[in-house]
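Okay, here's what each chain looks like letter by letter:
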Amino acid sequence: PLPVILDGDPGLDDAVAWWLSLASPALRVLGVTAVHGNVGLERTVRNTGVILALAGARGAAVPYFVGADRPLVRGAVHAEAVHGESGLPAQDLPDPAAAPQAGHAVDFLLDTAAARPGVTVVATGPLTNLALALRLNPGWAAQVREVVWMGGSTGLGNRTPAAEFNALADPHAARVVFESGVALRMVGLNVTMTCLATPDRLDVMRALGSRVGSVSAELLGFYAGVYRQRYGLAGGALHDPLAVGAVLWPDLFGWKAMHVHVETQEGVNFGRTTCDVHGVTEEPRNAQVAVDVDEAEFFRRMAALLGSYPA
Ligand code: BDR
Ligand code: CA
């Protein structure tokens, strides 16, 4: 199996992404690193423990770590309106089965990549932990196999007209990562907003007969209202699970190499990922950007894996 580290800010779609990762026999999750984001760090850490506990035997041996509690430079941005006050808006969740490890998430990222080069990092939140790792050891960029990030957009934003949430929540960190030379794939809103947890799909998830499947449906059902009201969409977008999908099934996506500039100037474009889709500048191509996805097939495969958990 492919060794992976999951870095994120759970957050209800982070939770589904992590259950998907833990269910796949093609991946070996070496550890999980929490960061500030959708809710404050204290909650993302607790939620990480809850997510691992709900994964049962598949989450039991996975260590998790406390990461950065705030962005590098800007003030914190959270998204309680989308993810609920707790970040995991579901009934009857278990308590964490284990406490977080003593070491810092950034040390785990550094030590793991040094000890076993070739690890893939799936990042589904603000990139603060990864940027700190790169600042402590720029060589980290060459040690990891790749970073696959849910964030940014080739087009419009979701938190501001210009910026996607994970980019906006720490633009300086995103810029450090994009300028580091690390092998990087970006799965942004231009594809994730096309893959929705529609009411029909929530029914499919509830009918899987697995607890993880029905809790996933409950979580994704929570933010359907926001997606309907704010974006006029028929369900919540499967943002973070798609980043895991990009690791498991890269062939379901269309990819294009391009230069991505992250705007760190405060103003209306703060946090925008300006993507040179047409190659009109001489800037180096620093990312493979998802431009397309077979979203129906992705959903089928995701549902099958979520259905593999016990009742
Ligand atoms: C991203 O922002 C968060 O709210 C989600 O968890 C996802 O990672 C989408 O913009
Ligand atoms: Ca997230």
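Above: the structure in question.
Residues numbered from 1 in each chain as written. Chains lettered and ligands numbered in written order. Predicted model: local features only at pLDDT ≥ 70, side-chain atom pairs only at ≥ 80, totals over all residues.

Novice: Outline the overall build of the protein chain, supporting the account with residue identities and numerical values.
Specialist: A tally of helices and strands in the protein chain yields 15 helices and 12 strands. Taking 19 Å as the expected radius of gyration for a compact globule of 311 residues, we find that the protein chain reaches 18 Å, a close match to that expectation. Dimensions of the protein chain, computed from the C-alpha atoms along their principal axes, are close to 55 × 45 × 35 Å. Across the 311 residues in the protein chain, those meeting the buried criterion constitute 53%. Counting only contacts in the protein chain whose residues sit at least 6 apart along the sequence, the fraction spanning at least 24 positions is 82%. (Helix = DSSP H or I, 4+ residues; strand = E, 2+ residues; numbered from the N terminus. Rg over C-alpha atoms; globule rule 2.2 N^0.38 Å. Buried ≥ 20, exposed ≤ 12 C-beta atoms within 10 Å, placed from the backbone. Contact = placed C-beta atoms within 7 Å.)

Novice: Explain the site of ligand 1 to me, using residue names and the numbers behind them.
Specialist: Near ligand 1 lie 15 residues; those nearest to it are Gly 11, Asp 13, Phe 165, His 239 and Asp 240. Put simply, the parts of the chain that give the shell around ligand 1 at least two residues each are helix H1 (12-23), helix H8 (165-168) and helix H14 (239-248). (Near = placed C-beta within 6 Å.)

Novice: An account of helix H15 (residues 295-306) is requested, with residue identities and associated values reported.
Specialist: Since there are 3.6 residues in each turn of an α-helix, residues three or four apart along the chain are aligned in direction. Its 12 residues give H15 an end-to-end C-alpha distance of 16 Å, which sits within 8% of 16 Å, the value for a rise of 1.5 Å per residue. What H15 keeps buried is the set Phe 298, Phe 299, Met 302, Leu 305 and Leu 306. Considered in projection along H15, the buried side chains sweep an arc of 130° and stay on one side of the axis. Exposed and oriented more than 90 degrees from the buried face of H15 are Ala 296, Arg 300 and Ala 304. Elements in contact with the buried residues of H15: H1, helix H11 (199-206), helix H12 (211-222), H14 and strand S12 (287-293). (Expected span 1.5 Å × (residues − 1). Arc of directions from axis to C-beta.)

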